[in-house]
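Coordinate inspection notes
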Amino acid sequence: MAIDGNVGWDKARCGPPAHHFDAQPSSRKRDGGPAIAGAILAHPTAHTLPERMLVMAIDVESKAYICPGESHPISRSVHLARLAAAFPACRECPLRDEGSRIAVRDLASIELDAPPKPQRELIAAGGLRGIFLNAITRRVADTVATRFAESLWERAPVRSPNDGIDRGARLSRPTVVVGYDERPSSPTIFAAAVAALRRMGCHVIDVGLATKPCFWFAVDHLHASGGLFVTGSGTEPAWTGMDFLWEGARPASVEEVSHFRSWGDPNQKPETFRLTRPTRTAGTERMFQAAALYEASLAKHFSGIQLQKIALACSSPLVVQLLQRLLKGPSREVLCTELPVKIRNPTRRRDEAILRLSTTVRESQAQLGILIDDDGQRCGFIDERGRHVSASAIARLVVPLLLAEQPGSTVVLEPAALVELRPLIEAMGARCQTDAGDLDSMSAAIRDFRAVYGGGDSGRHWFLDGYANCDACLISGRVLAVLSGANQPFSQLAAS
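Position labels on residues start from 1 in each chain and follow its written sequence. Selection of residues for local features in this predicted model requires a pLDDT of at least 70, selection of side-chain atom pairs for listing and counting requires 80 or more, and totals for whole chains, interfaces and linings are taken over all residues. Only heavy atoms go into the side-chain values, all of them from the structure, while hydrogens and water stay out.

Section: the pattern of salt bridges
The working definition used for a salt bridge is a side-chain nitrogen of Lys or Arg within 4 Å of a carboxyl oxygen of Asp or Glu. In this structure the tally under the stated criterion is 15 salt bridges. Close ionic contact of D374 with R183 constitutes a salt bridge, the shortest N to O distance being 3.2 Å. Here D374, found in the loop between β14 (368–372) and β15 (379–382), pairs with R183, found in the loop between β6 (175–180) and α3 (186–199); they are 191 residues apart in sequence, far enough to count as distant. With relative accessibility at 15%, the residue D374 sits in the buried group. The helix and strand labels rest on DSSP assignments: H or I over at least four residues marks a helix, E over at least two residues marks a strand, and numbering proceeds from the N terminus. Whether a residue is buried, partly exposed or exposed follows from its accessible area with a 1.4 Å probe, protein chains only, as a fraction of its type maximum: under 20%, in between, or over 50%, in that order.

Considering the packing of aromatic side chains
Pairing of aromatic rings covers Phe, Tyr and Trp, the last counted by its six-membered ring, and requires centre-to-centre distances within 6.5 Å; plane angles under 30 degrees mean stacked, over 60 mean edge-to-face, and any other angle means tilted. Scanning all chains against the criterion turns up ten aromatic pairs. For the ring pair Y180 and F190, a centre distance of 4.9 Å and an interplane angle of 55° mean the geometry is tilted. On the criterion of sequence distance, the pair formed by Y180 in strand β6 and F190 in helix α3 is long-range, its members being ten residues apart. Given a relative accessible area of 10%, F190 falls into the buried group. Note on W216 and W462: the rings are 6.1 Å apart at their centroids and 45° apart in plane angle, and the pair reads as tilted. Note that W216 is positioned in helix α4 (residues 212–221) and W462 in strand β20 (residues 461–464), a separation of 246 residues in sequence. Neither W216 nor W462 differs from the other in exposure class; each is buried. Of the aromatic side chains, those joined through ring pairs into one cluster are F148, F244, W246 and F260. Across the ring face of F87, the terminal group of R82 is positioned such that the distance to the ring centre comes to 4.3 Å. Directly above the aromatic system of F463 lies the positively charged group of R478, at a separation of 4.7 Å from the ring centroid. By definition here, charges over rings are those cases where NZ of Lys or CZ of Arg is within 6 Å of the ring centre and within 35 degrees of the ring normal.

Some words on the pairing of β20
A strand pair is defined by DSSP finding two or more bridges across the two strands. Alignment of strand β19 (residues 453–455) against β20, held across two bridges, turns out to be antiparallel. By the bridge assignment, G454 is partnered in β20 with W462. Of the pairings in the sheet, the one linking β20 to strand β21 (residues 468–470) comprises three bridges and is antiparallel in character. Bridge pairing in β21 places F463 opposite N469. Hairpin connection between β20 and β21: a loop of three residues separates the two successive antiparallel strands, and G466 in this loop has a positive phi of roughly 85°.

Given below as structure tokens:
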């Protein structure tokens, strides 16, 4: 029996759960405690429920329901709405048969009696992804950010033991740059992550709403100990997640992200978290306007562009507005195509967004089309005939100019582009290295070899600009500069 008038089911103590009730607010026990008036009938499927199952309770006085695993009551209308929407907790609810009275045509397809499906999550180099509120909640964001902060404290420099201070004393607090993307769920996860970082004593620098390349720029520009970016890029609209950067804008590896997530597993009991605060005082928080400095760093790559009509497609309004400002000219026209947020591949010729951009280029007679993914890093190009230009062809346009500026440098290629581009690069007297193409490994290879370019068929083009930089706006500016200096259309340059 639950307290405060809530009635739950405990097979060993209270018998079967309630299915129907007709409580009167005036009904009271003589001792002043809450009473249950009216008939309480056993649920017909109560005998099939496992003993360990946490089931729905009913607040008698307010006639409200409490879903399994939750502590706050909900109304009957919300209860029925969750049944109709196949809310995950409804599979463990003893009152789930009430959904048979809902006038929903395809209610039978919900399969409430089916076993609960495992939570969908993606752990990749750089970050974590999951469905908002199903896999990634405020609690998960809090615990994962706490573990990230703990790792930053472990990396912080230690004072010399000769100065009379304990060997474990840290020289300074970690400084963490934080930001979030344009998804509606991002501010909620962002607030929980910032609170955890400050509780762990980290100095937080908030860049607010930003693109991922702008966030990378801010982490390097501010010489921060690390960065946490709330984003669901590369996934469906209902997903969210967090990206992690180390000092110098270096993405975290898959093993490091898995370590953060395993510590923040919501299925673990609270006593297993072993939270230790490195300092009793909370960290500070301040704002930093990184967008203006980031845009200024890109402006030099867009000067002298002579193209008159450019088609642009991207699902991120921030990226579109940035390119519109960079491409602003007295006689230049930028045609923008709005795209929904979804999983897409800019390097795939039959991608829906590529086909849509191709139609726009042909109908408007634009000189080229640029498709940028929602992360602001991956991109694809369309020539003036509406045909897709491969990422290897883009590399053939850009790499010779970079090697002319820095002869004898190194180029890092992904395995898929190695056979095609290696003869060209070695013929120009440059060194060629290969890499798997993951965010963390490619970033490390660009820094270690001081490479002037990195990429292949993934749609990501890397440059070394103080840090390993992967920015769709940057490669767009370099491609536009090549086309402006040539007297040939894009299709002929790409095929030469």
